[in-house]
Amino acid sequence: MRPYPIFSAFALLACATCHAQQANVNLDWNPQENTENLTPFSAPLNSPEVHDDQTVTFRVKAPKAETVALNGAILAAFGRNWNDILPFEKGEDGIWTLTVGPVRPDIYAYLVQVDGVQFADPSNTIASFTGMPPYSQVVVHGDGPAYYDAKNVPHGAITRHIYHSYVTQGERDLYVYTPPGYDSSIQYPVLYLMGGSGELPHNWIHDGRANLILDNLYAEGKAEPMIMVIPNNQVIHRNHPQHRQLSFDILERELREHVIPLIDANYSTIPNPSGRALSGLSMGGRHAMLVGLNSLDLFGSFGILSAGMTDAEEVLADFLNDPMANQKVDYLFIGQGKMEAEGRWNERVQALIDSLKAHDIEYEYSVAGYTAHDWATWRALLHEDFLPNLWRKQ
């Protein structure tokens, strides 16, 4: 008897347990590895395809296009500015192809440009929907699940709250993460974690993987149990000409009058500054400074990610000149990515650090990851420094 039927049966059985590229069956750590040679549902072809040698192949079907190019945060993986572009090559079948790498395992945002028009990859099911136009993400896998992947460990719960705000005059939402084994008879500290100019509350979950990072840290005994609240810190149109002048006061009111009362009323919290931390990335980092450091009656710990102030002496004067500042602050963390520290972003961060040093304010500073102003940096900062040290400094 020929072995073909037996081989085919085993192959069929094996396929029942493997997952096609972007199959969306499980929360896979290698979702864009082409294990079954199937295209994502409703997609014209496979893109991106991540190979085990960490090279990545992008494909775009555009037979009438003159040019196709790649840009976005993934370019930082090659030490390039994410506003640069990498050109595709056109095949005789009208499919444009670009292979890059090897790329260090991580999750990278990217966009494709067809004849100068920029949009998300039409074949990629992994996309991010934010306060900006959507972009695609490529998950470059390593040899197993990463620190930001879903693992077989106890998981916390995420609850979405929708509430009416008299500050912004409308309906708003926020997300609450409660740790595995949450017990309402125990009082938990609360981390209020904010996004940047283009982020909405769900982006810290879907892009930042903050809940999965916490789950994995808990499983390793590397973080203290905490409630994590992700509010919407978009309180005025980001392109408003007076955004900076108006947003900080509005956000402070939103936190004082709605967000913190909602959390303290519905969860078992430590309702004082020693039990509250305020952190954010980019614009959220500025919010953590200008709202948080000027509201020490609300918050006692702070995480400033990829943010700083060249005019800190002016806008943080009350905090910097408070002789009791070090007694009021339990933990002040400042962090940025490797390419940020080596580039123009560092000017603002260094100015903030210089002001803190001049006033003998205690802080911790770290450079994490190897990219720039992107989620690879912010995930690394959470995992490597901020979350493991939060609440353990008291």
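Residues numbered from 1 in each chain as written. Predicted model: local features only at pLDDT ≥ 70, side-chain atom pairs only at ≥ 80, totals over all residues. Heavy atoms only, no water.

Let us now look at the packing of helix α4 (residues 243-266) against helix α5 (residues 283-292). Axis separation between α4 and α5 bottoms out at 10 Å; the angle between their running directions is 70°. Classified by the angle their axes make, α4 and α5 are roughly perpendicular. As for how α4 packs across α5, the hand of that crossing is right-handed. Of the residues in α5, those touching α4 at His 243, Ser 247, Phe 248, Leu 251, Glu 252 and Leu 255 are Met 283, Arg 286, His 287, Leu 290 and Val 291. (Axes fitted to C-alpha atoms, helices over the stretch in contact; angles between N-to-C directions. Helix = DSSP H or I, 4+ residues; strand = E, 2+ residues; numbered from the N terminus. Parallel < 35°, antiparallel > 145°, perpendicular 65-115°, else oblique. Left-handed = near helix turned anticlockwise from the far one by under 90°. Contact = heavy atoms within 4.5 Å.)

Right, let's get into the confidence of the model for the protein chain. Confidence along the protein chain averages 91 in pLDDT terms, with 94% of residues attaining 70 or more. The low-confidence segment residues 1-16 (pLDDT under 50) makes one contact with residues lying over four places distant or belonging to another chain. (pLDDT = per-residue confidence, 0-100.)

With that settled, the discussion passes to the sheet that holds strand β18 (residues 364-368). Read from one edge to the other, the open sheet built from eight strands follows the order β11-β12-β14-β13-β15-β16-β17-β18, with strand pairing classed as mixed. Of all strands in the sheet, those with a lone pairing partner are β11 (157-165) and β18, marking the two edges. Each neighbouring strand pair of the sheet contributes to a mean axis angle of 20°, computed without reference to strand direction. In terms of strand pairing, β11 meets strand β12 (residues 170-178) through nine bridges, oriented antiparallel. Within β12, the residue paired with Ile 158 across the bridge is Tyr 177. Of the strands in this sheet, β13 (190-194), β15 (276-281) and β16 (301-305) touch α5, which is tilted by about 145° from β15. (Pairing = 2+ DSSP bridges.)

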